[in-house]
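Here is how the chains run, residue by residue.
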Amino acid sequence: MMRGETHLGTLTLDYIDQPWFYCHFDATPEWEAVRPTLDAWTEATLARNDPDELRIARAWQAVDALKLTLVPIHGGERVDEFLIHVEDDEARFRY
């Protein structure tokens, strides 16, 4: 996962449960700069007992503003538009 030219971490695919890709996440030290934003997004979307649509929308806007990309290590097409949740060393994304 990249933010501009900054490598934030590496996702290694564990399995697919369409539409989600479940991965192991190896963060770089640069991950800490964006972690609070992704944590807020994950928390907002997991609040199923009391979903706050405005909170979810604001959290997504903050994530979108980061302009994250997924860049395959071994070549392939870069993914610019995706949803992602990262919790510790686990991640899931869909595009």
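Right above here is the structure, for reference.
It should be emphasised that the depicted structure is a prediction, and the values quoted were computed from it without experimental measurement. (Residues numbered from 1 in each chain as written. Predicted model: local features only at pLDDT ≥ 70, side-chain atom pairs only at ≥ 80, totals over all residues. Heavy atoms only, no water.)

Chemist: Residue-level account of the packing of helix α1 (residues 35–46) against helix α2 (residues 53–65), with values.
Modeler: Two elements in contact, α1 and α2, have axes separated by 9 Å at closest approach and are oriented at 150°. Judged by the inter-axis angle, α1 sits roughly antiparallel to α2. For the element pair α1 and α2, the recorded crossing hand is left-handed. When α1 is examined against α2, the residues T37, L38, A40, W41, E43, A44 and T45 are found in contact with a partner set consisting of R55, I56, A59, W60, A62 and V63. Of the residues that constitute the contact of α1 with α2, the class distribution is 9 nonpolar, 2 polar and 2 charged. (Axes fitted to C-alpha atoms, helices over the stretch in contact; angles between N-to-C directions. Helix = DSSP H or I, 4+ residues; strand = E, 2+ residues; numbered from the N terminus. Parallel < 35°, antiparallel > 145°, perpendicular 65-115°, else oblique. Left-handed = near helix turned anticlockwise from the far one by under 90°. Contact = heavy atoms within 4.5 Å. Nonpolar A, V, L, I, M, F, W, Y, C, P; charged D, E, K, R; others polar.)

Chemist: I'd like a rundown of the sheet that holds strand β4 (residues 20–27), residues and numbers included.
Modeler: Reading across from one edge, β3-β4-β7-β6 is the order of the 4 strands in this open sheet, with antiparallel pairing throughout. The open sheet terminates on both sides in strands that have one partner only, identified here as β3 (9–17) and β6 (83–87). Across the sheet, the mean angle from the axis of one strand to that of its neighbour is 25°, orientation sign disregarded. In terms of strand pairing, β3 meets β4 through 8 bridges, oriented antiparallel. In the strand pairing of β4, D17 is matched with W20. Each of β6 and β7 (90–94) touches α1; the most contacted strand, β6, lies at about 100° to it. (Pairing = 2+ DSSP bridges.)

Chemist: Tell me about the nonpolar core, residues and numbers included.
Modeler: Residues M1, W31 and L38 are the most contacted members of the largest nonpolar core, which totals 21 residues. Excluding its chain neighbours within four sequence positions, the residues that come into contact with L38 are W31, V63, L66, L68 and I84. (Core = buried A, V, L, I, M, F, W, Y, C linked by side-chain atoms within 4.5 Å. Buried < 20%, exposed > 50% of the residue type's maximum accessible area, 1.4 Å probe, protein only.)

Chemist: Please set out the packing of aromatic side chains residue by residue, giving values where relevant.
Modeler: Enumeration according to the criterion identifies 6 aromatic pairs in this entry. With a centroid separation of 5.1 Å and an interplanar angle of 15°, the aromatic rings of F21 and F93 are classed as stacked. Of this pair, F21 sits in strand β4 while F93 sits in strand β7, and the two are 72 residues apart along the sequence. Using a relative accessible area of 11% as the deciding quantity, one classes F93 as buried. Look at F25 and W31: their rings are 4.9 Å apart centre to centre, the planes differ by 65°, and that puts the pair in the edge-to-face class. Classification of F25 as buried rests on a relative accessible area of 2%. Among the residues examined, W31 registers a relative accessible area of 1% and is labelled buried. Ring-pair connections join several aromatic residues into one group, and the members of that group are F21, F93 and Y95. Across the ring face of W20, the terminal group of R92 is positioned such that the distance to the ring centre comes to 5.5 Å. (Phe/Tyr/Trp six-rings, centres within 6.5 Å; stacked < 30°, edge-to-face > 60°. Lys NZ or Arg CZ within 6 Å of the ring centre and 35° of its normal.)

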